[in-house]
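The residues making up each chain are set out below.
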Amino acid sequence: MKMKPVNRILSFDLLKGISMYLVIFTHCLQYIAAQTFENTLFQVVYVFHMPLFIIVSGYLFRKKIDRPLHSTIVNLFVRLIIPSIVLGGVIRLLSVGCLQLGYLIKLPFFLWFLSSLFICSVSYALIYKVTQRIEIIVLLLSLSTLFIPAGLSFVKFFMPFFGIGLLLSDMDVYNQIHIGFKELALSFVAIVVLYILFWDTSYYVYITPPPFILSCDMHSCLAYVMRLGFGTLITLYLMGLCKRLQIKGTAATIIVRWSYNSLYLYITHFVLLTSIGDTIRMNFESEILADTVMLIGSVAFTIALSFGIDLLRKNKYTKTLILADFKDYSSSTVMEHKTIGNEQTR
């Protein structure tokens with residue numbers, strides 16, 4: 001039985017698609033150009049691209065949190081963990097020709113974003129069944145990260161941003177954003193000034209992990225607060241920008257496809273780059289040249305991967321056996337955006 005078409009908020013598909021591209025771009029810089037936090041553009045993107053992805057995920061999860069808990073857990077496992085195992089194993093096998101036992105054991109949780117998304121979604125859904133109050137859940141689970149040991153740093157990083165997304169959705173922030181181009185320009189300048197004045201390279205989660213109750217210090221707490229502040233502020237700005245611009249045409253179609261294929265793009269690009277990145281390593285004489293080549297190259301890479309994923313979806317066997325996609329609706333259904341007035345509604 002075919003599911004009914006899903007009306008989607010165009011701005012959120014654009015945000016998801018853009019954030020997915022930024023993830024691929026920074027990984028291309030890291031694994032192909034061998035440039036990370038010494039690269040200025042890499043530093044700037046890393047301030048907000050993962051917080052953006054996580055907050056949007058939390059925002060969209062709000063409408064699912066009322067569903068039965070067992071149904072939520074099963075759906076999340078099928079949607080997130082099984083594709084990590086199946087598609088991750090297939091891509092690894094095709095790229096290096098073998099699957100080691102150690103790699104197979106890690107497959108269910110080898111992608112930190114997907115495993116953290118699964119853990120945080122289940123945690124918020126579980127506590128919601130007890131309290132039914134989003135603001136209380138966000139406060140409790142954000143504070144609980146102080147008691148999570150350092151070995152789970154990415155879950156500690158993920159939890160509060162996901163909660164912020166839930167809270168923003170509960171407050172219906174998107175539909176309350178009404179901002180003109182002048183305000184957008186002034187807001188952009190304000191964010192740049194704040195970044196120059198207050199951001200420090202030591203605030204990145206890879207450099208300063210989230211605080212742990214037994215070993216936290218002032219700097220780790222400050223880094224934690226700054227990450228939350230800048231990540232949330234820039235996400236709200238981009239939310240307003242996408243809503244105001246109302247991007248259409250070919251560019252919007254491509255980015256929306258990236259959004260729809262984001263799970264598979266995340267898995268395939270990461271497995272490919274970590275498997276064969278060393279063999280295609282490129283040396284650049286300047287940072288600007290590296291940024292330019294990787295910006296263009298990562299667009300082509302993302303388009304090619306998305307096209308390949310769309311081809312796999314067209315056949316029920318490759319869709320199920322390679323993508324581990326068990327949904328029974330055509331890709332066209334998720335492309336339908338319903339417009340009422342000037343607003344995109346779900």
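The coordinates are above.
So, here is what we can say about the structure in this document. (Residues numbered from 1 in each chain as written. Predicted model: local features only at pLDDT ≥ 70, side-chain atom pairs only at ≥ 80, totals over all residues. Heavy atoms only, no water.)

### Details of helix α7 (residues 153–170)
- With 18 residues, α7 should reach 26 Å at 1.5 Å per residue; the first-to-last C-alpha distance of 27 Å fits that figure.
- Summarising burial for α7: 15 of the 18 residues are buried, a large majority. (Helix = DSSP H or I, 4+ residues; strand = E, 2+ residues; numbered from the N terminus. Expected span 1.5 Å × (residues − 1). Buried < 20%, exposed > 50% of the residue type's maximum accessible area, 1.4 Å probe, protein only.)

### A few points about a nonpolar patch on the surface
- A surface patch of nonpolar side chains, about 810 Å² in accessible area, is lined by Phe188, Val189, Val192, Val193, Leu194, Ile196, Leu197, Phe198 and Leu233.
- The greatest single-element share of the nonpolar patch, amounting to 8 residues, is contributed by helix α9 (residues 181–198).
- Tracing the backbone shows Phe188 in helix α9. (Patch = residues over 30% accessible without salt bridge, like charges linked within 9 Å, V, L, I, M, F, W, Y side chains within 5 Å. Areas by Shrake-Rupley, 256 points an atom, 1.4 Å probe, with all protein chains shown as cover. Salt bridge = Lys/Arg side-chain N within 4 Å of Asp/Glu carboxyl O.)

### Focus: the side chain of Ser142
- Position of Ser142 relative to the elements: it lies in helix α6 (residues 134–144).
- In this structure Ser142 touches Tyr124, Pro160 and Tyr224, once residues within four positions along its chain are discounted. (Contact = heavy atoms within 4.5 Å.)

### Comments concerning the pattern of salt bridges
- Scanning the entire structure with this criterion turns up 6 salt bridges.
- Asp170 is the partner of Arg62 in a salt bridge, and the nearest nitrogen-oxygen pair spans 3.0 Å. In this pair, Arg62 sits in the loop between α2 (40–61) and α3 (69–96) while Asp170 sits in helix α7, placing the two residues 108 residues apart along the sequence.
- Between Arg257 and Asp310 there is a salt bridge, and its shortest N-O distance comes to 2.5 Å. Here Arg257 is found in helix α11 (residues 249–260), whereas its partner Asp310 is found in helix α13 (residues 287–314), with 53 residues between them in sequence. An identical accessibility class is assigned to Arg257 and Asp310; each is buried.

### Let's talk about the environment of Trp112
- Along the chain, Trp112 turns up in helix α5 (residues 112–131).
- Relative accessible area serves as the criterion here: at 18%, Trp112 is assigned to the buried category.
- Along the chain, Trp112 and Ser153 lie 41 residues apart, while their C-alpha atoms are 9.8 Å from each other.
- Each residue touching Trp112, except ones within four places of it in the same chain, is listed here: Met50, Phe154, Phe157, Phe158, Tyr206 and Tyr266.

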